[in-house]
Amino acid sequence: KTNINASDFMPPLVPTEFPAEIPGANGIAPDAVAEGLIKGFETDEYELHIGKTADVYKLYLQSPENAMLVLNEGR
């Protein structure tokens, strides 16, 4: 028993230099990612699915194959 908690933070792509040359580089605003992270910490959520990653995760739970198709669209 410790006072240390760990969270799994899963944001979508954010429009920075990193994803500039791959599909989906438009991504989500950095402010939206930060707000999702803060909200998750405030509510003690351990899996933080930010933006469309929440939808992809739900789809993955129903059909991993369909989730992979969605993730690879536009390639």
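Residues numbered from 1 in each chain as written. Predicted model: local features only at pLDDT ≥ 70, side-chain atom pairs only at ≥ 80, totals over all residues. Heavy atoms only, no water.

## Things to note about a nonpolar patch on the surface
Working step 1: Taken together, the side chains of Y57, Y60 and L61 make up a nonpolar region of the molecular surface, amounting to roughly 310 Å² of accessible area.
Working step 2: Within the element layout of this structure, Y60 appears in helix 2 (residues 53-62).
Working step 3: Classification of Y60 as partly exposed rests on a relative accessible area of 45%. (Patch = residues over 30% accessible without salt bridge, like charges linked within 9 Å, V, L, I, M, F, W, Y side chains within 5 Å. Areas by Shrake-Rupley, 256 points an atom, 1.4 Å probe, with all protein chains shown as cover. Salt bridge = Lys/Arg side-chain N within 4 Å of Asp/Glu carboxyl O. Helix = DSSP H or I, 4+ residues; strand = E, 2+ residues; numbered from the N terminus. Buried < 20%, exposed > 50% of the residue type's maximum accessible area, 1.4 Å probe, protein only.)

## Concerning the nonpolar core
Working step 1: One finds V14, I28, V33, L48 and I50 forming the largest nonpolar core, which totals 5 residues.
Working step 2: Ignoring sequence-local partners within four residues, the contact set of V33 consists of F9, P11, V14, I28 and I50. (Core = buried A, V, L, I, M, F, W, Y, C linked by side-chain atoms within 4.5 Å. Contact = heavy atoms within 4.5 Å.)

## Describing the environment of P30
Working step 1: Looking at where P30 falls in the secondary structure, it is placed in helix 1 (residues 30-42).
Working step 2: Residue class for P30 comes out partly exposed when judged on its relative accessible area of 47%.
Working step 3: Through-space distance from the C-alpha of P30 to that of V14 is 6.2 Å; in sequence the pair is 16 residues apart.

## Topic: the packing of helix 2 against helix 3 (residues 64-71)
Working step 1: Where helix 2 meets helix 3, the axes come as close as 6 Å, and the angle between the chain directions of the two elements is 145 degrees. In this structure, helix 2 contributes V56, L59, Y60 and Q62 to the contact, and helix 3 contributes P64, N66, A67, V70 and L71.
Working step 2: In terms of residue class, the contact of helix 2 with helix 3 is built from 7 nonpolar, 2 polar and no charged. (Axes fitted to C-alpha atoms, helices over the stretch in contact; angles between N-to-C directions. Nonpolar A, V, L, I, M, F, W, Y, C, P; charged D, E, K, R; others polar.)

## Notes on helix 1
Helical periodicity: at 3.6 residues per turn, an α-helix aligns residues three or four positions apart in one direction.
Working step 1: Helix length check: helix 1 (13 residues) gives 18 Å between terminal C-alpha atoms against 18 Å at 1.5 Å per residue, within 8%.
Working step 2: Along helix 1, the positions that sit buried rather than exposed are V33, G36 and G40. With its buried residues spanning 65 degrees around the axis, helix 1 presents them on a single face. Every exposed residue of helix 1 that faces more than 90 degrees away from the buried side is listed here: D31, E35, K39 and E42.
Working step 3: Within two residues after helix 1, D44 carries a phi angle of roughly 55 degrees, on the positive side. (Expected span 1.5 Å × (residues − 1). Arc of directions from axis to C-beta.)

## Focus on unusual backbone geometry
Working step 1: The backbone phi angle of D44 is positive, close to 55 degrees, even though this residue is not glycine.
Working step 2: Mapping D44 onto the fold places it in the loop between helix 1 and strand 2 (47-49).

## With respect to the environment of S7
Working step 1: Here S7 shows up in the segment before strand 1 (8-10).
Working step 2: Sequence separation of S7 and Y46 is 39 residues, and the distance between their C-alpha atoms is 4.3 Å.

As far as function goes, none of this settles anything; it's purely spatial.
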